[in-house]
Each structure stands twice: as structure tokens, then as C-alpha cells.
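# Structural characterization, general
Letter by letter, the chains look like this.
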Amino acid sequence: MSTTLISSPPAGRDILRERGQREVFCGLTGIVWLHRSIQDAFFLIVGSRTCAHLMQSAAGVMIFAEPRFATAILEDKDLAGLADPNDELDKTVDRLLARRPDIKLLFLVGSCPSEVIKLDLSKAATRLSARHNPNVRVLSYSGSGIETTFTQGEDACLASMVEGLATGTKPAASLLVVGALADVVRDQFERLLTKIGIPDVQFLPPKNASEMPNIDGDTQYILAQPFLRDTSLALEKRGAQHIAASYPLGVDGTTAWLRAAAQAFDIHDSQVNSVTELPAARGRKALERYRDKLKDKTVFFFPDSQLEIPLARFLTKEVGMTALEVGTPYLHKDYLADDLTQLSAEVVISEGQDVEKQLDRCREAKPDITVCGLGLANPLEDEGFTTKWSIELIFTPIQGYDQAGDLAELFARPLHRKTRLAV
Amino acid sequence: MQLAVWTYEGPPHVGAMRVATAMTDVHFVMHAPQGDTYADLLFTMIERRNKRPPVTYTTFEARDLGSDTAEIFKDSVRDAYERFKPGALLIGESCTAELLQDNPSGLAKGLNLPVPTVGVDLPAYQRKEHWGASETFYQLVRHLARRDLQKLSADTGRPSCNLLGPTALGFRHRDDVKELAKLMEDFGIDVNIVAPLNCSAAELATVGQADFNIVLYPEVAETAARWLEREFGQPFTKTVPLGITGTRALVREVSDIVGRELSEDDIACNMPWWSRSIDSTYLTDKRVFVFGEGYRAAAAAKVASSELGFQVVGLGCYNREGARAVRETAKELGIEPLITDDYLAVEEALSEVQPELVLGTQMERHIAKRLGLPCTVISSPVHVQDFPAGYSPQYGPEGANQLFDTWVHPLVMGLEEHLLGMFREDFEFNDDAGASHLGGHGARPQQAAASEIVANPQPTNHETATVSGEPESADFTWEADAEKELKKIPFFVRGKARRNTERYAVQHNVAQITVETLYEAKAHYGR
């Protein structure tokens, strides 16, 4: 509904800021990958039937078998004061934990309704932690739509873990890689970082509640995902130091990311070069296959995951595409400086959304490929646009050298399909 | 507070969206926070709609609370009207906005826009999706129906009807409508309007022109039909035209309403002969479990029993609105109805009765897959697979044909069943290979998991274990020979045989289950 053009002094670039209907997920959606990422954690949303329905629709049927999430649905009696929501919550958690003795870490996840009725979940988490100590730790965060957009849910979740991290006992400085990654990517990064010579590599989130990273003033951390502002601030509060870098998408992005980590540990560039030479060459070879298909094609991003700026950097710098508009739900410039400076001045960068107006701009721009959410994709295809669902970029291993080709292929496939089909 | 893993129904505003999206020019302005737009993808992805649902979400944020959410709402309504110029505006709110008490309907009416503006209350903490669809359709009919129109039949001399209830995201609504319209046409009855599917606000206004209403989906249209009966003197039909008996019953009802004999013999359908032909003998008393939306489940149970000769061993529904139909039918069939929206309770009931076929929703399809049972989906909630490219109605004569095909094909076929029973250890043709027409080996690992769940007194599935309370402790053990003998029983009845034998052992204080116990139990329980 409102549009403002703000000139931001450091980058000297205009940002189109919009406010209106947003066609994005709320932060609860992060649970869809987080509940698989930490294997003994359970996510209990305290919310409404809408929250449960969202999780079901967003998660689809792929994880139907054993979800490690559920919704405590607020009912009329909870709202009308006939039942004390805190007592009800305690009972619900007791039931849940009795049923799932394998849970070691329980997240109480706030939603729009729980925020509006001011149900204090952090207090509840403290109370329940004491009650179920030492078997289960209970944490809380908000994934509500009034406060968080899509990937901000992961940010809030990781931030909630930081305060409880133990102080490091090892003498050596350590590197903390922050952000949920596919197992395969995480293992590749661990191998590369160790080969480069980084003494101790830890990950947040951990694979299990028992593998929580240690942290102290000697800990340096690097973000593997661009949407982790609150987690970053929480880590700094604990004395950890941020290693600024571009994000590990594509070959150049991955090299720059690894190099930044190495430099923070005073490791010489030649060491990074010798470790990365082979995988980087392999990545470039994989990219080569798609460069002809993607070169000079134009791309338009609707806001979704905050990965848009690094993705646009990859597509323009590494496979020769042209970005027309790059929309992002939030633009945290401090954490995107390296990627942002590599985008040409002609690219429109928009923050927030007024979906009808942005659709008008997209129709005007006529991009070769439009990156958007599932609610927009089929309607745009019907108008003749070629689209790439943005959610696939979150659910596919795309970081690192050996996934660079896969990342390019995600964009090449819809274009290829369009030329293939005669229907 | 209710603990939910999966839900059968969405919140009531999703029901309202199903009605608005079904119609051609109704725009729905919903007071809702960021994130509620997820519901759009139900329509664009599951149903593959090529247009966005006609819904504007106000998208308020935490910082707006208490200050200007009402202003945001009013701006959204004005913008939506300007941009879309709808035939009618529908106004509602989602669960979070309900807590703000901004009174969106009042605010919208206060704008005095030159378009019918229909507010609908959608109590999100009490009601669910079907209720929301029903209430929305009723409010639209109430507000839009014109009272200045003559009956069509006065002009044409032919009776006319409305087909009420089909919505967006409905289970085969798209094709049922075609099937029923054709059936009416064959009997010389005009269809005035179909609503809400593909209906405009102006067309809906003419609902009163018809002589009577055919209620295709009572869970959506019965409330509106009752009001139309009262206000416009339109009788409405009560039969769900599922199966050939359902279709004939509907024709009889219509016959009575229009006061003209419509011959049931004119209904062309293969299904009755397919079911009577001797190849279908093996279907007799196949044990089926039926679960879904209430009206649909009740009708399906009748078809299963009287048109296919199955034995209905379980019947239930997840919506309170359909519970009466399910209770009545369960009573006729002599079984206990299962009324619950807790999918874990359904899973428990299903693993308890070990049916040979499950007729359910997408949820039961997953449960059945885990238990290694064949399943056909017969009811919402829907999945992308429930929107086939081809014509595939559930109602009417062609619907009856479809029911026969889709309910029978998942079963192991007659002669194959006999051979599996006779030669249980053939190295190629044995039940470990699964039903030959269903891709053979694919089904085996699930089957193994299923018998484990039934066999193991410490269920591997946490959810199952807890809801049923403490699992019964095993006071018996299986002798190796008996285990071996059990394996000779074809897989599609093995779970049942194991369960019967164990129940028999418990009841008769048998500590060691032997081959003899197995056959004692068989004699005791029958098949």
C-alpha cells in the first residue's frame, strides 16, 4: 500500500521499500526443515488450527510418516479464560513427552494468536525445563507471521539456542558455522575447512541436542545462510566474533566464503588455493553445462527467503544472467555487503512487498524467468511467464562446489522444459 | 488446548476461500497477518488453478497492533475494490484478526462501496473448514438472492433445478457437476444455476428462479437450501447420489418433487452387471474400513455393502456436521461409528480391525500404506492426485462405474487369491511378491513393517502406542512352527489372523501359541 524509495548512503543504491499484501510464509514454516535438521528435537507450535493447517500444507506429504512437530491448538475455552492456557500447555507437554521419550530438546514455538493473547512462552519454557530436567531442555521462540517471515523462523530458533551454549573448554580457537545445511553440504564444508587447517569446526544447529557447540571469546563464527541477523547478534553478545563473507553459493561464492574463514585464522591464501583447486575446477565444469542456457537470460525475484541477493550474485556473476528486480523480505545490509556490492547498479532491489504492484512490475519487465512462491507460480505460468518455485531453493542442497551445477540446473530446467514441450 | 499432528480440516476461513475461489467474480478481503497467504497454494498447487484465489489479505504486523489495524483493513478493501471491480465483496477474518475485534464487516459496510458487500463471521476457535464453507455460501445466497424473479418453468413449461454445493478444492466436484447436469438434462429438467462453482454473483442472484434444489454436498449447501426452502418455497433433495442406488434414489426424489414419473431404467450404467458377474464373487464380504467426510462416508459405506457386497467393518467421519449420517448408517450396518478428527485414533482403529481395503482420505492412505493395506481415496481432504486430468466423477452413473473400478482394483484378484492360498511357498508366485497387477515387489517392505506393528507388543510407532494407552502386555509366546504356519496365510489376511489368534490365546489363557492354537482360533472366529 505504501511505497518509498530510500537512498542508502553506504552502497549509494536506491532501495524500493514496499508495504502491502505479502505473498510469503510465516516463520513457522522453518520447522519443516529444522525438525529434520536436529534429530532429537521436537517443535510444538502453540497456535490455532490455521498453524496446523499451514504446516500440513507447506510440509505436504513428504514427511507424513513421523513428524517431529505438532500444534497445540488454542480453543475457545483457552481464550475465554475458562481454562488457564499455561496449565493446558503443561498438560499437553506432559502428554507429548510421555509419548515421545526420545525427545531431548523441545521448542515451544509462538504463533500469531499466542503473541496477540500475550502467552509468555519463554516463562513457560523455563517452568517446563525445570519440570522435565534433566531429560528434556525446553526452549522457546516465535515463528509468528506478525513478527517473522519464512526463514526468520530459523533465525529465531537458532538465536534461542545461543544463550544456553556452554563456554568452550578447549584452548584452541574454534570456528562456528551457523545456519541449517543439508547433511551432504555440511559434511563437505567440514572436510574442506579441516583440510584448510582450521583447528576446530563446529555447527549450529547441531545434528543432536547432545552435540551443542561450545562458545567463548575465541570463537569466530561464519554465516552459511544470509537470514541470521538475530542469531548473529546473540552470538556477538556471547563474545563470538563475526567473519564477514559472501555466501557459499556457486564456485566463486564458496571460495570467497572459505577464504574469509581461513583469513580469520591467519591461514595463508596459498593453502586455501591448494585445497580448493580441485573441487573448484569440478564446480566450474559442472556450471559450464548450463552457462549457454542461462547466459543473458533475465531474472525477476519475488521476495521469499532472503537468499535472493546472494542468488542474484551467483546468477549474474557466475552464469551470466541479468537480474531485473531482486525482491527480498528484509534487507540486512550488514550481512549482505559482499554480495550486494557485486550486483550492478541497474538492478532494482526491493524490500518488503505489495504483491499486486510487484506483479504489475513483473508483467512490465517480462523476465525470462521469475522466481516466486507456490501461490504465484501457476498463475504466472498461465500468463506465459516461466517460473522457478523459490521454495525448492530452500529444500535442495545448493551450497558448495559440488552443488554449484545443481543450483544452476534448478534455473535451467524450467527454461529447458519450455522449449521441450509442444503442448 | 488440543494436540494435533495432522488435521482433516482447515480453519473456517479456508472454507470461505473455497466458496469465493469457486465463484467467478466474488472478491474476498480477509483481515489476516502475514503468512496466512499460504492458503493460496492449496488452490494453485493442489488443484492446479491457473489464477490466484480472489483473496486480499490485509497483512498486518506486530507493530500495527493496537494502533491502526482497522485503517489497514479499510485501505485494503478500497484497494481491492478499485483493482478487481468484483461482482460482490466478501468480508471475513482469520484466527488472529478475530482476536483484534476490529469488526471488519462493519468497517467494510461503512465504506459504502457500490457493490454488494457480504460479511461472514468465521469463529476460528470453535469451527472448521466445512462449517466456514457452508456459512459463507449461506450468507452469499441470503444477501444476493433476488426476490423479483419469475420461475423459469413458468416460461418453458419444463421443471428447473439448481445444483448446489460444489466448491473449489472439492473432491471431484468439477466432474460430479457435469455428471448430474447431464442426468437432469436426460430427464428433461433444466439446470438454472450451478453454485458456487463457476457461478457469478449476478447468476447466484437468480437462484430463486428454479423450482427446486439438488444439494450435491450437504456439508456445504444444506444450510443455504433450508433457507431457500423457507424463503422461496424450493424443496431440496436429501440423497447423496453416490453409487447406482444413490443415483436411483435421487432420481426418485426428483420424480416426486416435479410430479412426473422418471424411469430409473433410463440410467445407463455398467456397474450393476460388473458387480453381478461371477468374476466379482470374490468381492463378497471383503472387509472394508470407511472413513471421511460424514455424508460421503455414510453413502460410501452403503455402496460398499449393497452394491459391491463388501462387509463394512469400520465407518467413521471427522466432521461433526456429518456425524448424524454416519451414526444412522453405522446402526443399519450393525457397527460402532467412529467420530473423531484425531488421526491417531483413526490409525488405532484401523490397525485394530485389519481390513482388507481402506476407503478413506489422504490421511488414511498414508496410514494404510504404513500398515500395508490397499486403499482408495474417497473423500476430502484432498491431494494433488485427487485432481486427475481425465473425467472422473464420483456421483451419477459414470461415478458408479468409477467407484467399481477404483475400489476393486487395489484388491488381490479372485483367481490369484486362490492360487496364493493353495501354493504358499512357490518361489516366484508367493505373497511376498505382492499382488501381481500392483507392481509386485513394491509393497513388501511396508508389509513387513505392518506385521511388525501388529506383532510387536512394543509398537515401533510412538503415536500408536500412546493414544491407545499402555499396550496390552503379551502373556503368550509364539512357537516357531506356529509362526511359520502363520506365514503361509496370504499377506492380505495375515494381520487379521495373527490378531485373532492372539486374542483367542488371551481369552483362553493359552501361554504357548502352537499350530493348533492358530487353527482353533480360525475355527472360533471364522474367516
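What you see is a predicted model; the values in this text were computed from it and never measured. Along each chain, residue indices are assigned from 1 in the same order as the chain's sequence is written. Going through the entries in the order they are written, you letter the chains from A and number the ligands from 1. Given that this is a predicted model, residues contribute local features only at a pLDDT of at least 70 and side-chain atom pairs are listed and counted only at 80 or more, while totals for whole chains, interfaces and linings are drawn from all residues. Only hydrogens and water are set aside; all other atoms, that is, all heavy atoms of the structure, feed into the side-chain values.

Let's shift gears to the side chain of S351 of chain B. Numbering goes from the N terminus for both helices and strands, where a helix is a DSSP run of H or I of at least four residues and a strand is a run of E of at least two. Along the chain, the position of S351 of chain B falls in helix α15 (residues 343-353). At a separation of 2.9 Å, a polar atom in the side chain of S351 of chain B contacts the main-chain carbonyl oxygen of E347 of chain B. Residues adjacent in sequence count toward polar contacts only when both atoms are side-chain atoms; beyond that, a polar contact is any pair of N or O atoms within 3.5 Å, and within protein one must be able to donate a hydrogen and the other to accept it.

Our focus in this paragraph is helix α4 (residues 85-99) of chain A. Residue and element names in this part refer to chain A. What a helix should span is 1.5 Å times the count of its residues minus one. Here α4 is 15 residues long and its end C-alpha atoms lie 21 Å apart, about the 21 Å a rise of 1.5 Å per residue gives. Think of it in three bands: residues with accessible area under 20% of the maximum for their type are buried, residues over 50% are exposed, and the middle band is partly exposed, with areas taken using a 1.4 Å probe on protein chains only. Among the residues of α4, those classed as buried are P85, E88, L89, D90, T92, V93, L96, L97 and R99. The backbone nitrogen of N86 has a side-chain oxygen 2.8 Å away, supplied by the residue at the start of α4, namely D84.

This part takes up the interface of chain A and chain B. Across the contact, 68 residues belong to chain A and 65 residues belong to chain B. Surface buried jointly by chain A and chain B totals about 5,900 Å² across both partners, of which 59% is contributed by carbon and sulfur atoms. By salt bridge we mean one thing: a side-chain nitrogen of Lys or Arg within 4 Å of a carboxyl oxygen of Asp or Glu. Linking chain A to chain B there are six salt bridges. One salt bridge in this structure joins R52 of chain B and E23 of chain A, with 4.0 Å as the shortest N-O distance. The interface formed by chain A and chain B includes 26 residue pairs in polar contact (both at pLDDT 80 or more). For the side of chain A that touches chain B, the secondary-structure elements that each account for two or more residues are β3 (41-47), α2 (49-59), β4 (69-73), α3 (76-79), α4, α5 (112-116), α14 (355-365) and α15 (374-382) of chain A. Examining the composition of the side of chain A that touches chain B, we find that eight residues originate from one element, α4 of chain A, more than from any other. Basically, the charged four are Asp, Glu, Lys and Arg, the nonpolar ten are Ala, Val, Leu, Ile, Met, Phe, Trp, Tyr, Cys and Pro, and anything else, Gly included, counts as polar. Considered class by class, the residues forming the side of chain A that touches chain B number 35 nonpolar, 14 polar and 19 charged. As paired elements, β4 of chain A and strand β1 (residues 2-4) of chain B share three bridges and run antiparallel to each other. By the convention used here, residues are in contact when the closest approach between their heavy atoms is within 4.5 Å. We define buried area as the total accessible area lost by two parts upon association, computed with a 1.4 Å probe and summed across both. For two strands to count as paired, DSSP must find a minimum of two bridges between them.

What follows concerns the sheet that holds strand β8 (residues 212-215) of chain B. Residue and element names in this part refer to chain B. In spatial order, the strands read β7-β6-β8; together these three strands make up an open sheet with parallel pairing. For this open sheet the edge positions go to β7 (190-195) and β8, each flanked by a neighbour on one side alone. This sheet shows a mean twist of 25° between the axes of neighbouring strands, independent of strand direction. Alignment of strand β6 (residues 160-164) against β8, held across four bridges, turns out to be parallel. Residue N162 lies in a different strand from β8, and its bridge partner there is N213. Where helices are involved, their axes are fitted lines through C-alpha atoms of the stretch in contact, as for all axes, and angles between N-to-C directions lie from 0 to 180°.

This part takes up the environment of T156 of chain B. All names here are of chain B. Along the chain, the position of T156 falls in helix α7 (residues 152-156). Note on T156: relative accessible area 36%, which makes it partly exposed. Taking the C-alpha atoms as reference points, T156 and Q139, 17 residues apart in sequence, are found 30 Å from one another. Polar side-chain contacts of T156 include one of 3.0 Å to the backbone nitrogen of R158.

Residue P196 of chain B is bonded to the preceding A195 of chain B through a cis peptide linkage, with omega at 0°. Note that P196 of chain B resides in the loop between β7 and α9 (201-204). Residue P381 of chain B is reached from S380 of chain B by a cis peptide bond, and omega for that bond is 5°. Checked against the element boundaries, P381 of chain B lands in the loop between β13 (375-377) and α17 (396-408). At K118 of chain A, a residue that is not glycine, the phi angle is positive and equals roughly 60°. In this fold, K118 of chain A is placed in the loop between α5 and α6 (121-132). Positive phi is not limited to glycine here, since F150 of chain A has a value of about 40°.

How big an interface is tends to be expressed through the accessible area that disappears when the partners come together. Once the domains are mapped, chain A shows domain 1 (2-23 + 279-422), domain 2 (27-148) and domain 3 (175-272). Computed from C-alpha coordinates alone, the two centres of domain 1 of chain A and domain 2 of chain A are separated by 33 Å. What counts as a domain boundary in this text is fixed by an automatic or database domain assignment.

Once that is clear, we can look at the packing of aromatic side chains. When we look at a pair of aromatic rings, we describe it by the centre distance and by the angle of the planes. All names here are of chain A. Two rings from Phe, Tyr or Trp (for Trp, the six-membered ring) form a pair when their centres are within 6.5 Å of each other. A pair whose planes differ by under 30 degrees is stacked, one over 60 is edge-to-face, and the rest are tilted. Scanning the entire structure with this criterion turns up 13 aromatic pairs over all chains. Pairing W33 with F150 gives two aromatic rings, centres 5.6 Å apart and planes at 90°, and the pair type is edge-to-face. Of the two residues, W33 is situated in helix α1 (residues 31-37) and F150 in the loop between β6 (137-142) and α7 (152-162); the sequence distance between them amounts to 117 residues. Neither W33 nor F150 differs from the other in exposure class; each is buried. A centroid spacing of 4.7 Å and a plane angle of 15° characterise the contact between F43 and F107, whose relative ring orientation is stacked. Here the residue F43 occupies a position in strand β3, and F107 occupies one in strand β5 (residues 105-110), the gap between them amounting to 64 residues. Residues F43 and F107 agree in their burial class; the two are buried. Through successive ring pairs, a cluster of aromatic residues spans F25, W33, F150 and F395. Working rule: Lys NZ or Arg CZ, within 6 Å of ring centre, within 35 degrees of ring normal, means a charge sits over the ring. Over the face of the ring belonging to Y330 we find R22, whose NZ or CZ atom lies 5.1 Å from the ring centre.

So, on to the sheet that holds β4 of chain A. Reading across from one edge, β6(A)-β5(A)-β3(A)-β4(A)-β1(B) is the order of the five strands in this open sheet, with mixed pairing throughout. In this open sheet, the two edge strands, each paired with only one partner strand, are β6 of chain A together with β1 of chain B. With direction set aside, neighbouring strand axes in the sheet form an average angle of 25°. Helix-sheet contacts for α4 of chain A involve β3, β4 and β5 of chain A together with β1 of chain B, and the interaxial angle to β3 of chain A is about 150°. In the packing of α6 of chain A onto the sheet, the strands contacted are β3, β5 and β6 of chain A, and the crossing angle to β6 of chain A comes to about 175°.

Our focus in this paragraph is the pairing of strand β13 (residues 348-353) of chain A. Residue and element names in this part refer to chain A. With five of six residues buried, β13 lies mostly within the body of the structure. Pairing of strand β2 (residues 13-19) with β13 involves five bridges; the strand directions are parallel. Bridging from a neighbouring strand, R17 pairs with E351 of β13. Bridging between strand β12 (residues 322-328) and β13 involves four bridges; their strand directions are parallel. Bridging across to β13, E325 finds its partner in V348.

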